[in-house]
Amino acid sequence: MREITPKRIREMKGKEKITMVTAYDYPSALLADKAGIDIVFVGDSLGMVVYGEPNTLNVSMEQMVFHTRAVAKAVKRALVLADMPFSSYEVSVEEGVKNAVRLIQAGADAVKIEGGADHEKLVRKLVRMGIPVMGHTGLTPQRYLRLGGYRLMGETEEEIEEILRDAKALERAGAFAVVLEFTLADVAKLVTEEVSIPTIGIGSGPWVDGQVLVWHDLLGIYENVPPFVKKYADLSSIIRLALERYREEVKSGKFPAKEHYWEYQDKEDFERKAKRALERLEEK
Ligand SMILES: Nc1nc(=O)c2c([nH]1)NC[C@@H]1CN(c3ccc(C(=O)N[C@@H](CCC(=O)O)C(=O)O)cc3)CN21
Ligand SMILES: CC(C)C(=O)C(=O)O
Ligand SMILES: [Mg+2]
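Owing to the predicted nature of the structure, the values given are computational and were not obtained by experimental measurement. (Residues numbered from 1 in each chain as written. Chains lettered and ligands numbered in written order. Predicted model: local features only at pLDDT ≥ 70, side-chain atom pairs only at ≥ 80, totals over all residues. Heavy atoms only, no water.)

### Focus on unusual backbone geometry
Working step 1: Residue proline 256 is bonded to the preceding phenylalanine 255 through a cis peptide linkage, with omega at 0°.
Working step 2: When you line up the elements, proline 256 lands in the loop between α11 (235–252) and α12 (267–283).
Working step 3: Although it is not a glycine, serine 87 sits at a positive phi angle of roughly 75°.
Working step 4: Here serine 87 is to be found in the loop between β3 (79–83) and α5 (93–105).
Working step 5: Although it is not a glycine, phenylalanine 182 adopts a positive phi angle of roughly 45°.
Working step 6: The topology assignment puts phenylalanine 182 in the loop between β6 (177–181) and α9 (185–194).
Working step 7: Look at phenylalanine 182 and you get buried, because its relative accessible area is 15%. (Helix = DSSP H or I, 4+ residues; strand = E, 2+ residues; numbered from the N terminus. Buried < 20%, exposed > 50% of the residue type's maximum accessible area, 1.4 Å probe, protein only.)

So, in C-alpha cells, the structure goes:
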C-alpha cells in the first residue's frame, strides 16, 4: 500500500493543496515520486505527447496498461492514477468495470473517467467493488470532435449547469476527487465550494483544491502547449544541446575517450589470441 491513498487526498481539501503530474514511463515516474508529488497520473494525453497523435481519441487499453505498469513499478509513495481511454467505459458498465480492473491489475491505485452525470452507475459500481474513481469535467478532451477543438468551458449558463451536475453526480456516486479542466476560474471556484470532494484544476485558476499539469508541458519538451501552462524548465534546449555535442564529438573522434573503453595492455598477448581465434574459425 502506497502512502498517499484516496482517503488522504480527500482529507487534503481545504487544508493542503494537492499536486498531480502526468508520467508515462519508469524514469519520469521515479522523479515525480521522489519530488514529493501527491498523484502520479498516467493520462491518456500520452496519445499526444508520447505517440504524436493530434488528440486523445486513438489511445488503446493496451497502451494504458503498458504505461501504467511501467509507472507503477517506479512509484513508492504517491497515488498512481490511470486514465480510462476513449471507448473503454462508455459502451456498458460491464465493459467499464472490466477495463478498470485491467488498469488496477497493471498497478494503478485508482482510475479516472471523463464525464460525471453520464457515468454515475459505473462510478458507483467501481467504488462498491473497491476501485477508487476520479471524475473529470469542464473541458473533456474525449469530446474533441463534438466540441470542435479544445476551448475554455463555462461561458454559458448551460455549461455551468452541466459542470455542476457532473461534479455533484460524481460526489454522490462516491468519486474521491474531480478534475476541472479549462473552465473559467469563477466556475471552478463555485464547483469547489459546492462539492465536498477535492477539485483538481488544469487551466481553471487558483480557487481549486489542487493542480495537475502534463509532464512534457511543464518541463518544456512539447511544442503545442495549451495556453494555461507554466514552463518550469526548458528541457528541449538542454536535450538538443546534449545531442548536438554528442554528434559533434563522435564526428570529430573526441568520443569515446580513454575512460569510456577497455583495451589489452599486453598487445602481444592479444595478437596471439586473435591469431588462434582466426585459425579456429578457418578449421570449421
Ligand atoms: N500536452 C498536453 N497538455 C494538456 O494539458 C492536454 C493535452 N496535451 N491533451 C489533452 C488535453 C487537451 N488540452 C488542451 C489543449 C489545447 C488547448 C488550447 O490550445 N486551446 C487554445 C486554442 C485551441 C484551438 O486552436 O482550438 C486556446 O487558446 O484556447 C487547451 C487545452 C489539455 N490537455
Ligand atoms: C489533462 C489531464 C487532466 C488528463 O486527463 C490527461 O493528461 O490525460
Ligand atoms: Mg486524460
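Moving on from the model shown.
### With respect to a nonpolar patch on the surface
Working step 1: A cluster of nonpolar side chains, namely Ile239, Leu243, Tyr246, Val250 and Phe255, defines an oily patch on the protein surface of about 470 Å² accessible area.
Working step 2: Positionally, leucine 243 belongs in helix α11. (Patch = residues over 30% accessible without salt bridge, like charges linked within 9 Å, V, L, I, M, F, W, Y side chains within 5 Å. Areas by Shrake-Rupley, 256 points an atom, 1.4 Å probe, with all protein chains shown as cover. Salt bridge = Lys/Arg side-chain N within 4 Å of Asp/Glu carboxyl O.)

### Here we look at the domain arrangement of the protein
Working step 1: Looking at the protein, the domain boundaries give domain 1 (6–234) and domain 2 (238–283).
Working step 2: Look at where the C-alpha atoms of domain 1 and domain 2 centre, and you get two points 49 Å apart. (Domains from an automatic or database assignment.)

### Regarding the site of ligand 1
Working step 1: The environment of ligand 1 is made up of 14 residues, and the closest members are Met48, Val49, Tyr150, Glu181 and Asp217.
Working step 2: The separation between a nitrogen atom of ligand 1 and a polar side-chain atom of aspartate 217 is 2.5 Å.
Working step 3: Isolated, ligand 1 exposes 670 Å² of accessible area, and the fraction of that covered by the protein chains is 69%.
Working step 4: A breakdown of the residues in the shell around ligand 1 according to their chemical character gives 12 nonpolar, no polar and 2 charged. (Near = heavy atom within 4 Å. Polar contact = N/O pair within 3.5 Å; in protein donor to acceptor, adjacent residues only side chain to side chain. Nonpolar A, V, L, I, M, F, W, Y, C, P; charged D, E, K, R; others polar.)

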